[in-house]
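So you can see what is in the structure, the chains are spelled out below.
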Amino acid sequence: MELELNTTHLNCYDTVLDTTLFHEETLETIVPDACPDILRIVDCEAMVCLKGKEAQEGRAEISGSVRAAVLYLPDGAEGVRRMTVTIPFTCSAEALGIHAGCLVTAMPRVHSADARSLNPRKVLTRVDLAVEVSVFARQTESLCDGVTCPAEGGIQQLTETQNAYLVTAVEEKPFSFSDDVSISGTKPRVEELLKSRADIECSESKLIGNKLIFKGEVHLQLLYRDPSNTLCPASFDLPFSQIMEVSGVEEEADCALQVQLTGCECILNDGNDGDSMISVALALLAQAVVREVRPVQLLSDVYSTVCGLHAERRTYTFHQLVENSIMTMPGMTEHQPYYSRRQEVNRLWDSLAAQLPQDCRENLTAVECYWDEQLYGVLRHSFYLGFLQAMESVQAPGNSGSSGSCSEILSRVEYELDMTPRY
């Protein structure tokens, strides 16, 4: 007798990669001819802008630029001076399953920035970036919700409803806005803008129909020099509100929205009534990842009251299952988060080995073996805790499981996992 499986299909996104890249860039810059020589550098402020993100075969590439404001005391003059350094960057992350059709979200952040003078006319600027990268691939999940069979087969089916938490939409929207902000005449007049910083906060987002409505503020902080060479701060809150198209999701879905800076310009203009006017132009990119709970009907048991059952049994040890299904190829590729992390760890081992002399690499190999043993121990204990929870569910009041048989099974599992106490 042949049975035909019935399947239902769910369109969603698979999270192929979710990681944070740490990237460093350095650049030597000549002080412009119009600026005086450097006596001493006093501060360095950096702001990162995302320029591009692209999924390629096996990798995701992120590009952008860092604009650093280097503040220094001039030689032979008074007052803090500024020079601007623009540093382009490109970084990438590799993972199986990434292809040109994938969608990429990226959020670069400045981890640290510093500058030092190589001589009175040359500056070395270094920035450390932390780039959050996620890659999503469209996929269709096929789930078995029943079987089709002849009536004379005596087939009995048991189905149950489960909830699947899926990524159902990945959307983005670039937008820009500009505004003029003024520094009141009660404050010192602006002689020179020294540095600026824009922090973005998304305060509210809501799904209504096929629209995602979101609003927030850009917290703009400025530092300027007045005519008496005194440093003065100023801050402004610039609100924004936008609507993004998001289709195929319910209004109760969860939305993770991030807004990234892609451009920022602050230009000093002459204002009225003695006020200093600053024209601000911002370019932003909103990135939304929508997740929602969808109920699915699953086939959990099927049997025949007419035909006999002939089961084929095989014996596996826990070690064999872990080695074949998780810790070695090709089974490792079925567990993408672990496989991607393992690739990163292997690259670190290779990098360390390349930096060590030949006679020290044996010690590194010993550390690597110890790392694998610890990883195996984590897998073993994770399996045991899950199995223990299942046994407790079977023995719960109202279930038909025998406490005696469950205890016997648990003891045998503990013995096989080498978790019995030693005296």
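In this text, all values refer to a predicted model and were calculated from it rather than measured experimentally.

Cut-offs used in this document
- Residues numbered from 1 in each chain as written.
- Predicted model: local features only at pLDDT ≥ 70, side-chain atom pairs only at ≥ 80, totals over all residues.
- Heavy atoms only, no water.
- Helix = DSSP H or I, 4+ residues; strand = E, 2+ residues; numbered from the N terminus.
- Rg over C-alpha atoms; globule rule 2.2 N^0.38 Å.
- Buried < 20%, exposed > 50% of the residue type's maximum accessible area, 1.4 Å probe, protein only.
- Contact = heavy atoms within 4.5 Å.
- Areas by Shrake-Rupley, 256 points an atom, 1.4 Å probe, with all protein chains shown as cover.
- Lys, Arg positive; Asp, Glu negative; His and termini not counted.
- Charge placed at Lys NZ, Arg CZ, Asp CG, Glu CD.
- Phe/Tyr/Trp six-rings, centres within 6.5 Å; stacked < 30°, edge-to-face > 60°.
- Pairing = 2+ DSSP bridges.
- Arc of directions from axis to C-beta.
- Axes fitted to C-alpha atoms, helices over the stretch in contact; angles between N-to-C directions.
- Salt bridge = Lys/Arg side-chain N within 4 Å of Asp/Glu carboxyl O.

Regarding the overall build of the chain
Each helix and strand in the chain was counted, giving four helices and 12 strands. Its C-alpha atoms give the chain a radius of gyration of 30 Å, more than 25% over the compact-globule value 22 Å for 423 residues. Taking the principal axes of its C-alpha atoms as reference, the chain extends roughly 95 × 65 × 40 Å. The buried share among the 423 residues of the chain stands at 36%. For the chain, contacts bridging at least 24 residues in sequence account for 75% of all contacts bridging at least 6. Here the chain displays about 24,700 Å² of accessible surface, and carbon together with sulfur accounts for 49% of that area. Charge centroids of the chain, computed over 33 positive and 62 negative side chains, lie 6 Å from each other.

Quick notes on the packing of aromatic side chains
Within the structure shown, the criterion is met by four aromatic pairs. Considering the side-chain rings of F175 and F240, the 5.6 Å spacing of their centres and the 45 degrees angle between planes classify their relative orientation as tilted. Pair noted here: F175 is in strand β7 (residues 155–183) and F240 is in strand β10 (residues 231–245), with a separation of 65 residues, a long-range link. Neither residue differs from the other here; F175 and F240 are each classed as buried. Among the aromatic residues, ring-to-ring pairing joins F175, F177, F214 and F240 into one connected group.

Details of the pairing of strand β5 (residues 103–119)
Note: β5 against strand β6 (residues 122–148), 15 bridges, orientation antiparallel. Paired with L103 across the strands is F136, a residue of β6.

Points about unusual backbone geometry
Among all residues except glycine, the phi angle is most often negative; among peptide bonds, the trans geometry is most common. A positive phi angle, close to 70 degrees, is found at N229, a residue other than glycine. Within the secondary structure layout, N229 lies in the loop between β9 (211–225) and β10.

Details of helix α1 (residues 318–327)
Those residues of α1 that fall on the buried side of the exposure criterion are F318, V322 and M327. Along the long axis of α1, the arc covered by the buried residues comes to 75 degrees, so they all point the same way.

Considerations on the sheet that holds strand β3 (residues 59–74)
Reading across from one edge, β2-β3-β4 is the order of the three strands in this open sheet, with antiparallel pairing throughout. The open sheet has two edge strands, β2 (38–56) and β4 (81–94), and neither has a second partner. Across the sheet, the axes of successive neighbouring strands diverge by a mean angle of 15 degrees, strand direction being ignored. Across 16 bridges, the pairing between β2 and β3 is antiparallel.

Digging into the sheet that holds strand β8 (residues 192–208)
In spatial order, the strands read β8-β9-β10; together these three strands make up an open sheet with antiparallel pairing. Two strands bound the open sheet, and with one partner strand each, they are β8 and β10. The average angle at which neighbouring strand axes cross in this sheet is 15 degrees, direction not considered. Of the strand pairs in this sheet, β9 and β10 are connected by 15 bridges, and their pairing is antiparallel. Bridged to I213 within β10 is I243.

Quick word on the pairing of β3
Taking the residues between adjacent antiparallel strands as the criterion, β2 and β3 are bridged by two residues, where G58 takes a positive phi near 85 degrees. Across 14 bridges, β3 lies against β4 in antiparallel orientation. For L71, the partnering residue across the bridge sits in β4 and is R82. Linkage of β3 to β4, two consecutive antiparallel strands, is achieved through a turn of six residues, within which G76 is found at a positive phi near 85 degrees.

Section: the pattern of salt bridges
Tallying each qualifying case throughout the model produces 17 salt bridges. D128 is the salt-bridge partner of R126, the closest N and O atoms lying 2.7 Å from each other. R126 sits in the partly exposed class, given a relative accessible area of 26%. We note a salt bridge from R225 to E192, for which the minimum N-O separation is 2.8 Å. With R225 in strand β9 and E192 in strand β8, this pair connects stretches of sequence that are 33 residues apart. Take R225: its relative accessible area is 10%, and that puts it in the buried class. Overall, E192 belongs to the partly exposed group, its relative accessible area being 23%. Salt bridges linked by common partners bring E24, D114, R126 and D128 together as one network.

It is worth stressing that arrangement in space is one thing and function is another; only the former is reported here.
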